Amino acid sequence: MSTIQSILGRRVWDSRGNPTVEAEVTLTDGSIGRAIAPSGASRGEREAIELRDGGERLGGKDVSRAVANVNGPIAARLRGMPAADQAGVDAAMLALDGTPLKTELGGNAIVAVSLAILHAAAASARLPLWRYLADGHDATPTIPLPEIQIFGGGAHAGRRVDIQDFMIMVPGADDLEEVMEVTNAVYHAAGRLMEARGGAVGVADEGGWWPTVSTNEEALELLVQAIEAAGEVPGERVVISLDVAASEFERDGRYILGLDGLELDSGEWLERLGNWVDRYPIVSIEDPASERDPEGMRAFTARWGDRLQIVGDDYLVTNARLIEAAADAGGCNASLIKVNQAGTVTETIEALRASQERGFGTLVSARSGETEDVSICHLAAGLDAGQLKVGSFARSERMAKWNECLRFQGQAGMGAFVGGRPIGGTWWGAKRP
Ligand SMILES: C=C(OP(=O)(O)O)C(=O)O
Ligand SMILES: [Mg+2]
């Protein structure tokens, strides 16, 4: 059995121009695995902490201590361990760190090493990572259904709109090719709409256009117009998915919609959101209420959970215990799965499994700060997560991931495209089974 010979940490740079951690693991049989830590902007309060440091020049965003932790204590502790023992290496890192949020070694150091070891183990087994994961977890690999951003807002676009992600899904598509082609048409139609309104046309952190709008709802209206301009009937083949990221605009129980000039209590805000659900072809809503408002999450799920996929992101932070508690409380019906929220591959898979066991939908997700790393595509496909959210066209760190998923098509042993599954208990889309 191949063991870990060396672990090398290095500083690389992410899509927002910030430093991040890359880990490179070499095994005794010569296999190499490499992975890069992503970085969120709208972070949950209970997710693993990124260790950052450094002076003015890097705005305190350097990762020199995290990189030093990879090269020092982590490498020393894991050297000689079998690479196939993912649970063992992850447990060793957790013990070495010894803090609840991985503040000692850094969630960024730990996640890069955890993923790099996973890659090295798959390389040693001479298997594609998705296959290695599926075999190791008794899963049937599938090609995930994408959620792709058309407009980006919130913390990803200077808060020019309060809602963070205006996305579309094509759940009735026959395959990923069809999703990409249809979504691309809507994306470019939305870009042309923005251009026609004048002013600078830029893209947000995840590739969606910066919407030039005067209310949050206007962005929804424009999205519907873009779907129509692409020759689609909104609510048929193409449906809408939102990541509200409500924790970002909730303060002391008040929801402050800066663009709309509104300050609402939880009930008023959720009623307003529900009003949009009634009037727009929305099938999925992430973080409708703030992570500090679990009662709001429950109330929204009680009202809309049989009609919508309601996704917990900040609310669940890829934590199996929080997912189980949310399932018991009826706080949502799907989980966003982000490897660096959990901090290790093992904890991520525990969260995914806990969600699947509770009948939750599962969406593997990138972060708003990303790189060329495509590990999450393999996690989504290999563990049959069903859905994937990585951002949009016009940003290569996003397209690296969709292109990796396109490569999965036709590979021996890869299962079907997950287009035919109901979303949130209801089938939306033209091709109803
Ligand atoms: C991907 C997201 O954003 P971030 O990475 O900034 O948390 C999200 O909120 O789902
Ligand atoms: Mg989110």
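Up top is the structure.
Residues numbered from 1 in each chain as written. Chains lettered and ligands numbered in written order. Predicted model: local features only at pLDDT ≥ 70, side-chain atom pairs only at ≥ 80, totals over all residues. Heavy atoms only, no water.

(A) Molecular detail of the nonpolar core. The biggest cluster of nonpolar side chains holds 127 residues, and the ones touching the most others in it are Ile4, Leu78 and Trp269. Broken down by element, this core gets its largest block of residues, 12 residues, from helix H3 (residues 107-124). Split by domain, this core shows at least three residues from each of two domains, domain 1 (3-126) and domain 2 (145-431). (Core = buried A, V, L, I, M, F, W, Y, C linked by side-chain atoms within 4.5 Å. Buried < 20%, exposed > 50% of the residue type's maximum accessible area, 1.4 Å probe, protein only. Helix = DSSP H or I, 4+ residues; strand = E, 2+ residues; numbered from the N terminus. Domains from an automatic or database assignment.)

(B) Broad picture of helix H7 (residues 266-279). An ideal rise of 1.5 Å per residue puts 20 Å on 14 residues; H7 measures up with 20 Å between its terminal C-alpha atoms. Those residues of H7 that fall on the buried side of the exposure criterion are Ser266, Trp269, Leu270, Leu273, Gly274, Trp276 and Val277. Seen from one end, H7 has its buried residues packed into an arc of 150 degrees, which puts them on one side. Along its buried surface, H7 packs onto helix H6 (216-229), strand E6 (239-243), strand E8 (254-257), strand E9 (262-265), strand E10 (282-286) and helix H8 (294-304). For H7, the capping residue at the N-terminal end is Asp265, with a side-chain oxygen 3.2 Å from the backbone nitrogen of Gly267. (Expected span 1.5 Å × (residues − 1). Arc of directions from axis to C-beta. Contact = heavy atoms within 4.5 Å. Polar contact = N/O pair within 3.5 Å; in protein donor to acceptor, adjacent residues only side chain to side chain.)

(C) Representation of the environment of Thr362 within the structure. Structurally, Thr362 is set in strand E13 (residues 361-365). Judged by its relative accessible area of 3%, Thr362 falls in the buried class. Put simply, Thr362 and Ala351 are 11 residues apart on the chain and 9.6 Å apart in space, counted from C-alpha to C-alpha. What Thr362 contacts, discounting residues up to four positions off in sequence, is Ser335, Leu352, Ser355, Gln356, Ala385, Gly386 and Gln387. From its side chain, Thr362 meets the backbone oxygen of Ala385 in a polar contact 2.5 Å long.

(D) Quick peek at the pattern of salt bridges. A complete count under the given rule lists 29 salt bridges for this structure. Residue Asp205 pairs with Arg16 through a salt bridge whose shortest N-O separation is 2.6 Å. Pair noted here: Asp205 is in the loop between helix H5 (176-196) and H6 and Arg16 is in the loop between strand E1 (4-13) and strand E2 (19-27), with a separation of 189 residues, a long-range link. Residue Asp205 is classed as buried on the basis of its relative accessible area, which comes to 14%. Residue Arg16 is classed as partly exposed on the basis of its relative accessible area of 26%. Notably, a salt bridge pairs Arg34 with Glu24, separated by 2.9 Å at the nearest N-O pair. With a gap of 10 residues between them, Arg34 in strand E3 (residues 32-36) and Glu24 in strand E2 connect regions that are remote in the sequence. (Salt bridge = Lys/Arg side-chain N within 4 Å of Asp/Glu carboxyl O.)

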